[in-house]
Amino acid sequence: MEMWIRFWPFFAVFSIMVTWECLSPRRILSQRRAERWPTNLGLTLLNMVLVWAVVGGLAYMAATFAAEQQIGLLHWVSAPFWFAVPASILVLDFALYVQHRLFHSFPLLWRVHQVHHADLGVDATTGLRFHPIEIFLSLAYKAVVIIALGAPAWAAVAFEILLNATSVFNHSNVSLPERLDQGLRWFLVTPDMHRIHHSTRAVETHANFGFSVPWWDRLCRTYRAEPALGQLGLEIGLSWYRASLPLGQVLLLPFQTSPPLEKTWKEVSPLQLREMLAEENPPYVLDVRDLGEFTGELGHIAGAHLLPVSDLDKRLNELALGRSRPVVLV
Ligand SMILES: [Zn+2]
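Residues numbered from 1 in each chain as written. Predicted model: local features only at pLDDT ≥ 70, side-chain atom pairs only at ≥ 80, totals over all residues.

Q: I'd love a proper account of the overall build of the protein, names of residues and values included.
A: Each helix and strand counted, the protein has 16 helices and three strands in total. Here the protein holds 330 residues, and the buried ones make up 30% of them. By sequence separation, contacts in the protein at least 24 residues apart represent 75% of the contacts at least 6 residues apart. (Helix = DSSP H or I, 4+ residues; strand = E, 2+ residues; numbered from the N terminus. Buried ≥ 20, exposed ≤ 12 C-beta atoms within 10 Å, placed from the backbone. Contact = placed C-beta atoms within 7 Å.)

Q: Let's hear about the environment of histidine 198: which residues, and what values?
A: Tracing the backbone shows histidine 198 in the loop between α10 (191–195) and α11 (202–205). Once residues lying within four places of it in the same chain are set aside, the contact partners of histidine 198 are His117, Val122 and Ile236.

Q: How would you sum up the packing of helix α5 (residues 81–105) against helix α7 (residues 132–149)? Please name residues and give values.
A: Orientation of α5 relative to α7, taken along the N-to-C sense of each, is 140 degrees, at an axis distance of 10 Å. The angle between α5 and α7 places the two elements in the oblique class. In this structure, α5 crosses over α7, and the sense of that crossing is right-handed. Residues Ser88, Val91, Leu92, Ala95 and Gln99 of α5 touch α7, and the partners they reach there are Ser138, Tyr141, Lys142, Val145 and Leu149. (Axes fitted to C-alpha atoms, helices over the stretch in contact; angles between N-to-C directions. Parallel < 35°, antiparallel > 145°, perpendicular 65-115°, else oblique. Left-handed = near helix turned anticlockwise from the far one by under 90°.)

Q: Give me the lowdown on the sheet that holds strand β3 (residues 327–329), citing residues and values where you can.
A: Strands sit in the order β2-β1-β3 across an open sheet of three strands; the sheet is parallel. The sheet is open, and its two borders are formed by β2 (305–306) and β3, each paired with just one other strand. Here strand β1 (residues 284–287) pairs with β2 via two bridges, running parallel. Across the sheet, the residue bridging to leucine 286 is histidine 305, located in β2. (Pairing = 2+ DSSP bridges.)

Q: Hey, could you go over unusual backbone geometry for me, with residue numbers and the actual values?
A: Positive phi is not limited to glycine here, since glutamine 70 has a value of about 55 degrees. Mapped onto the elements, glutamine 70 comes out in the loop between α3 (58–69) and α4 (73–76). Overall, the presence of 10 C-beta atoms within 10 Å leaves glutamine 70 in the exposed class.

Q: Can you explain the environment of leucine 286? Please cite residues and give values.
A: By the secondary structure assignment, leucine 286 is in strand β1. According to the C-beta neighbour criterion, leucine 286 is partly exposed, with 19 such atoms within 10 Å. Residues leucine 286 and glycine 303, 17 residues apart in the sequence, show an inter-C-alpha distance of 9.5 Å.

Q: Describe the nonpolar core, naming the residues involved and giving the relevant values.
A: Formed by 30 residues in total, the largest nonpolar core has its most connected members in Ala63, Ile146, Ala151 and Ala156. Of all the secondary-structure elements, those providing two or more residues to this core are α3, α5, α7 and α8 (153–171). Not counting residues up to four positions away in its chain, the partners in contact with alanine 151 are Ala63, Leu74, Ser88, Leu92, Ile146 and Ala156. Grouped together as the second largest cluster of nonpolar side chains are eight residues, Met17, Leu128, Val168 and Val174 included. (Core = buried A, V, L, I, M, F, W, Y, C linked by C-beta atoms within 7 Å.)

Q: Explain the pairing of β1 to me, and be specific about the residues and the numbers.
A: Across three bridges, β1 lies against β3 in parallel orientation. Paired with valine 285 across the two strands is valine 328, which belongs to β3.

Q: Account for the environment of arginine 6, with residues named and values stated.
A: Looking at the secondary structure, you find arginine 6 in helix α1 (residues 2–23). Classification of arginine 6 as partly exposed rests on a count of 19 C-beta atoms within 10 Å.

Q: Tell me what's going on with helix α6 (residues 107–117), and back it up with residues and numbers.
A: Residues of α6 that are buried include every one of Val112, His113, Gln114, Val115, His116 and His117, and no others. Buried-residue contacts for α6 involve α5, α7 and α14 (247–252).

Q: Let's hear about α3: which residues, and what values?
A: Under the 1.5 Å per step criterion, the end-to-end length of α3 is 16 Å for twelve residues, consistent within 8% with the ideal 16 Å. Along α3, the residues that are buried comprise Ala59, Tyr60, Ala62, Ala63 and Ala66. Angular distribution of buried residues about the axis of α3 spans 165 degrees; they occupy a single face of the element. Turned more than 90 degrees away from the buried face of α3, the exposed residues are Glu68 and Gln69. One or two steps after α3, the chain reaches glutamine 70, where phi turns positive at roughly 55 degrees. (Expected span 1.5 Å × (residues − 1). Arc of directions from axis to C-beta.)

Pasting the structure below:
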């Protein structure tokens, strides 16, 4: 029963977003749907069948169990229903933000999560493209959070519906007017915001982890407003998988060794940069700002190498070979 309550909203949102993508696409996808969709939809179908056959409505069961046993924070404080439902949805959404960051931080979890990132285009089907291991780990994690919180069953089901809907929405390749996108970004993760997370650049993949509301990224300083190469120039996927992978190969990805998503960068403030420049071994500074941006806090940086942003990839690759000094990108 609970599965059907969840299925129809998902089906409606998915159909709307796919139609919208056809009518008003944001980007020309580099790969044809025929190359990506069999893998993405195959994974979706496999996950649906596996979840249905193995655990059913685990989130609902966890919430009912917590209510019967009267365990979990909200039961202990006898929170009223009107408070417990929105509070649970919000806490679960934050928990999913944390889960997403964990999947990026631990090499074994990253192996599983890279199935999602290996997609060479981002559209509504990408929002469903997860390895079954990630789906089961996430279900178990959510069940633990639901029980610890004592979330009402209604909140658990509503959250699953919301998560599915927002994931399909924020991965979709739809064009929204810029002003609408900027307005929505205050309370909803928009497609332009989440697409940055699918960039091949590690610094951009380590941003915009949120699924529903953008607040966690803003609070935890992982929010990124725009990709360096712009929404249309942004390269999607993982730099070490540049061909579409068939379903069988995608299922095996977590069991193969692959390059870790190295975090070889850190953000520095203008003040830290000034201190670094005064050191004995100053960093190599690449400045890709437009002339108009020089009026900001940093101003002109003496000795910085000015280059157009389109040359950045080439220059960084050259520097990566035989690099002895840290590189700072402004
Ligand atoms: Zn991710």
